[in-house]
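# Remarks on the overall topology
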Amino acid sequence: VAANTRRSQGFRAAASGGVVSIRMWVRKVGSPVDYLRLRIFRSTVQDATGLPSAASDAVLAGGQKFAGSTLPLSPAAYVPVTITITTSTQLVSGTYYQLVIDRALASGADTPNDAVNYYEVGIDQVAPGYADGRAGVFGGVSWAAEDAGGDGADHPFQIITDVFAALRILAI
């Protein structure tokens, strides 16, 4: 996740419930000193082709930031980063959402551009990929579909809800 670049993964909720935490797999390149932020956004459309909404009310759930300095250096294995949700909404079964990972300063402001010190988000390259959502990338202007691994690859993640101990949506 280079600065001012956001990654997303669309998903369809398998069950209704409040979000407790979110997990993605990441590693760092260089020595980033900022934080990772995971949030759930509204989807632009209610099908697997959606991307994160740009509407002012698009952020549905967010939480604590994760200190990037604690991550292993690339080419080390990706490690799970779990963010506890502090502002949550109820997910509705069958509804499409967007999980967004990006960078932030301690203040919550976006991190300035840094092409040397950044994060890499894990990719699930098992074809055909996750059928109920797609990966996306935001380069500072707009969202676009991302074919991360050249085969429709997705970013693996877990959504932990108050209904199930672990509602696994997509795993590596």
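Let me sum up the structure you'll find in this document. (Residues numbered from 1 in each chain as written. Predicted model: local features only at pLDDT ≥ 70, side-chain atom pairs only at ≥ 80, totals over all residues. Heavy atoms only, no water.)

### Some thoughts on the overall build of the chain
Our working definition: Helix and strand labels come from DSSP, where a helix needs a run of H or I of at least four residues and a strand needs a run of E of at least two; each type is numbered from the N terminus. Residue exposure (1.4 Å probe, protein chains only): buried if accessible area is under 20% of the type maximum, exposed if over 50%, otherwise partly exposed. Residue contacts follow a heavy-atom distance rule, with two residues in contact if any of their heavy atoms lie within 4.5 Å. Using the Shrake-Rupley algorithm and a 1.4 Å probe, accessible areas are obtained, with residue cover drawn only from the displayed protein chains.
Looking only at helices and strands, one finds 0 helices and 13 strands in the chain. When the helices and strands of the chain are listed from N to C terminus, the series reads β-β-β-β-β-β-β-β-β-β-β-β-β. The burial tally for the chain puts 47% of its 172 residues in the buried class. For the chain, the proportion of contacts with a sequence separation of at least 24, taken over those separated by at least 6, is 77%. In the form shown here, the chain has an accessible surface area of approximately 7600 Å², with 54% of it arising from carbon and sulfur atoms.

### Focus: the environment of V26
Here V26 lies in strand β2 (residues 17-29). With a relative accessible area of 0%, V26 lands in the buried category. The spatial distance from the C-alpha of V26 to the C-alpha of E120 is 5.5 Å, given a sequence separation of 94 residues. Apart from the residues within four sequence positions on either side, V26 is in contact with L36, L71, Y78, V79, V81, I101, E120 and V121.

### Some words on the packing of aromatic side chains
Selection rule: The aromatic pairing rule takes the rings of Phe, Tyr and Trp, using the six-membered ring of Trp, and pairs them if the centres are within 6.5 Å, calling planes under 30 degrees apart stacked, those over 60 edge-to-face and the rest tilted. For a Lys NZ or an Arg CZ to count as sitting over a ring, it must be within 6 Å of the ring centre and within 35 degrees of the ring normal.
Tallied over the full model, the rule gives 2 aromatic pairs. Over the ring of Y78 we find R27, and its NZ or CZ is 4.1 Å from the ring centre.

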